[in-house]
Amino acid sequence: MATFAYRGRDTGGGLVEGTLESATAAGAADQLSGRGIIPLSITATAARPAETAAAAGEGLLGDRVGHTDVLLFSRQINTLMKAGVPIMRALTGLQESSDNKAMKKTLQDVRESLDSGRELSASLARHPKVFTPFYLSMVRVGEMTGLLEEIFLRLFHHLEFEAFMRNQVKSALRYPSFVVAAMIGAIVVVNIWVIPAFAQVFKGFNTELPLMTRLLIGFSDFMVTAWPLLLLAAAAAVLGFRAWVGTPSGRHSWDSLKLRIPIAGKIVRKATLARFARSFALAMRSGVPVIQAMTVVSQTVDNQFIAGKIEQMREGIERGESVLRTAITAAVFTPVVLQMIAVGEESGALDEMMEQVADMYQREVEYELKTLSDQIEPILIVFLGILVLILALGIFLPIWDLGKAAIKK
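Residues numbered from 1 in each chain as written. Predicted model: local features only at pLDDT ≥ 70, side-chain atom pairs only at ≥ 80, totals over all residues. Heavy atoms only, no water.

**Describing the packing of aromatic side chains**
Stage number 1. Here the structure, examined in full by the defined rule, presents 8 aromatic pairs.
Stage number 2. A centroid spacing of 6.4 Å and a plane angle of 55° characterise the contact between tyrosine 135 and phenylalanine 152, whose relative ring orientation is tilted. In this pair, tyrosine 135 sits in helix H7 (residues 133-145) while phenylalanine 152 sits in helix H8 (residues 148-203), placing the two residues 17 residues apart along the sequence. An identical accessibility class is assigned to tyrosine 135 and phenylalanine 152; each is buried.
Stage number 3. Relative to phenylalanine 333, the ring of phenylalanine 276 has its centre 5.8 Å away and its plane inclined at 45°; by these criteria the two rings are tilted. In this pair, phenylalanine 276 sits in helix H11 (residues 264-285) while phenylalanine 333 sits in the loop between helix H14 (323-330) and helix H15 (335-347), placing the two residues 57 residues apart along the sequence. No difference in accessibility class separates phenylalanine 276 from phenylalanine 333, as the two residues are buried.
Stage number 4. Among the aromatic residues, those joined into a cluster by ring pairs are Phe73, Phe131, Tyr135 and Phe152.
Stage number 5. The ring of phenylalanine 156 has arginine 75 sitting right over it, with the charged end atom 5.2 Å from the ring centre. (Phe/Tyr/Trp six-rings, centres within 6.5 Å; stacked < 30°, edge-to-face > 60°. Helix = DSSP H or I, 4+ residues; strand = E, 2+ residues; numbered from the N terminus. Buried < 20%, exposed > 50% of the residue type's maximum accessible area, 1.4 Å probe, protein only. Lys NZ or Arg CZ within 6 Å of the ring centre and 35° of its normal.)

**A word on the nonpolar core**
Stage number 1. One finds Phe73, Tyr135, Phe152, Leu155, Phe276 and Phe333 to be the most contacted residues of the largest nonpolar core, which totals 82 residues.
Stage number 2. Setting aside chain neighbours within four positions, we find phenylalanine 73 in contact with Leu91, Leu94, Met103, Leu107, Phe131, Tyr135 and Phe152. (Core = buried A, V, L, I, M, F, W, Y, C linked by side-chain atoms within 4.5 Å. Contact = heavy atoms within 4.5 Å.)

**Looking at the side chain of serine 137**
Stage number 1. Structurally, the position occupied by serine 137 is in helix H7.
Stage number 2. Apart from residues no more than four positions distant in its own chain, serine 137 is found in contact with Gln292 and Val296.

**Regarding the pattern of salt bridges**
Stage number 1. Enumeration according to the criterion identifies 14 salt bridges in this entry.
Stage number 2. A salt bridge links lysine 258 to aspartate 255; its shortest N-O distance comes to 3.2 Å. Of this pair, lysine 258 and aspartate 255 both sit in helix H10 (residues 248-258), 3 residues apart, which is roughly one turn of that helix.
Stage number 3. What makes aspartate 255 buried here is its relative accessible area of 0%. (Salt bridge = Lys/Arg side-chain N within 4 Å of Asp/Glu carboxyl O.)

**Thoughts on the side chain of serine 298**
Stage number 1. Among the structural elements, serine 298 can be located in the loop between helix H12 (290-297) and helix H13 (304-318).
Stage number 2. Separated by 2.7 Å, the side chain of serine 298 and the backbone oxygen of threonine 295 make a polar contact.
Stage number 3. Within the structure, the side chain of serine 298 is placed 2.9 Å from the side chain of glutamate 311, a separation counted as a polar contact.
Stage number 4. Beyond its immediate stretch of four places on either side in the chain, serine 298 contacts Ala307, Ile310 and Glu311. (Polar contact = N/O pair within 3.5 Å; in protein donor to acceptor, adjacent residues only side chain to side chain.)

**Describing the packing of H14 against H15**
Stage number 1. Viewed as axis vectors pointing N to C, H14 and H15 meet at an angle of 165°, and their least axial separation amounts to 9 Å. The angle between H14 and H15 places the two elements in the roughly antiparallel class. In the packing of H14 onto H15, the handedness of the crossing is right-handed. In contact with Val323, Leu324, Ala327 and Ile328 of H14, H15 contributes Leu338, Ile341, Ala342 and Glu345.
Stage number 2. Residue composition of the contact of H14 with H15, grouped by class: 7 nonpolar, no polar and 1 charged. (Axes fitted to C-alpha atoms, helices over the stretch in contact; angles between N-to-C directions. Parallel < 35°, antiparallel > 145°, perpendicular 65-115°, else oblique. Left-handed = near helix turned anticlockwise from the far one by under 90°. Nonpolar A, V, L, I, M, F, W, Y, C, P; charged D, E, K, R; others polar.)

**Concerning the packing of H11 against H12**
Stage number 1. Running from amino to carboxyl end, H11 crosses H12 at an angle of 140°, the nearest separation of the two axes being 9 Å. Taken together, H11 and H12 sit at an angle that is classed as oblique. Handedness of the crossing formed by H11 with H12: right-handed. Side by side, H11 and H12 meet where Phe276, Ser279, Phe280, Ala283 and Met284 of the first sit next to Val290, Ala293, Met294 and Val297 of the second.
Stage number 2. The residue inventory of the contact of H11 with H12, partitioned by class, reads 8 nonpolar, 1 polar and no charged.

**What to know about the environment of leucine 324**
Stage number 1. By secondary structure assignment, the location of leucine 324 is in helix H14.
Stage number 2. Considering only alpha carbons, one finds leucine 324 and methionine 340, 16 residues apart in sequence, at a separation of 9.3 Å.

**What about the confidence of the model for the chain?**
Residues shown with low pLDDT carry predicted positions that ought not to be read at fine detail.
Stage number 1. Mean pLDDT for the chain: 83, with 89% of residues reaching 70 or above.
Stage number 2. Least confident of the elements in the chain is helix H2 (residues 49-55), whose mean pLDDT is 49; most confident is H14, at 93.
Stage number 3. Low pLDDT, under 50, characterises residues 47-52; the stretch is placed with 3 contacts to residues that sit more than four places away or in other chains. (pLDDT = per-residue confidence, 0-100.)

Dropping the structure here:
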């Protein structure tokens, strides 16, 4: 997240200047438009060292503000504002009651920023690693409409849903990952300890071994002698993968690949689209313009491939196309969802339809997770059967040949 200095004119035509944090200059322009400011110039600036730790959401001991901390903050600030507690007193109370040192530091900085005359959304925007662009946009809308208390409640439910869907996706990937890791571990154990023991026995036969046995022994010898190189290669592969995923093109490719993983890919896709639909519905219900809503929602889906599709939808809407047409072009929604979008657009209740789309995807994800083991078991049985067949042929064929030779004698 970069810092941008801007100059612009407000609704009264007055000249305004300041700084804000955003991923891109276009994102900064969208933030200014949301505040009713027409940007004249936007230039990138370096962040001040004193603000680095606070912006990153880090405390003195290296603590970080997590998703749960922001979720609780949203619920608590809503409760306090609903009770009529002034915002400064509410922030002071939350700062004193927080157990997270990073959250204490963040709330202290927000209070100091409010004391200096900044708006709440601008004060929260000083911590881009804590409060997402979507969160900031919602707070900004609450300030403009006078519904800040209700916005915080909606954000609480939204963050709760985000945490639920994220946990659902992790649950979907945990079982197949564990099984694959167990199979790899079994292969390593067999090749390093089991096959070498049989190889010593086979050497006493003084006869030519079957091809399958020679292949198994050769692969086992390679693993036994070259295991340091294999470990080094595995570590290099992990580090290389992380570096690749850290690049924009690599992250886009990996997020696209995740959606094509058999069985688990469709669960990840549905969970991602559920987050998009819920975020989009919340943004529209809160009064965010469709184009701006698409921009901020694309940053909440946690998948660069889907985010790119949403950006394409936003560009289509800017050209005057309907939401339905851009959704069809995106080619990520099912026909049923497209029909619901069409009905919502025609009836003027698109936010309600998107909420139903999110509920539908959520139910489908829950069902897929319940039946995940039933879907994966046949595939695992086939792979395990192939592995056992290879081992059986490689180990028992020489013994079988030796038995036949003994019978002939």
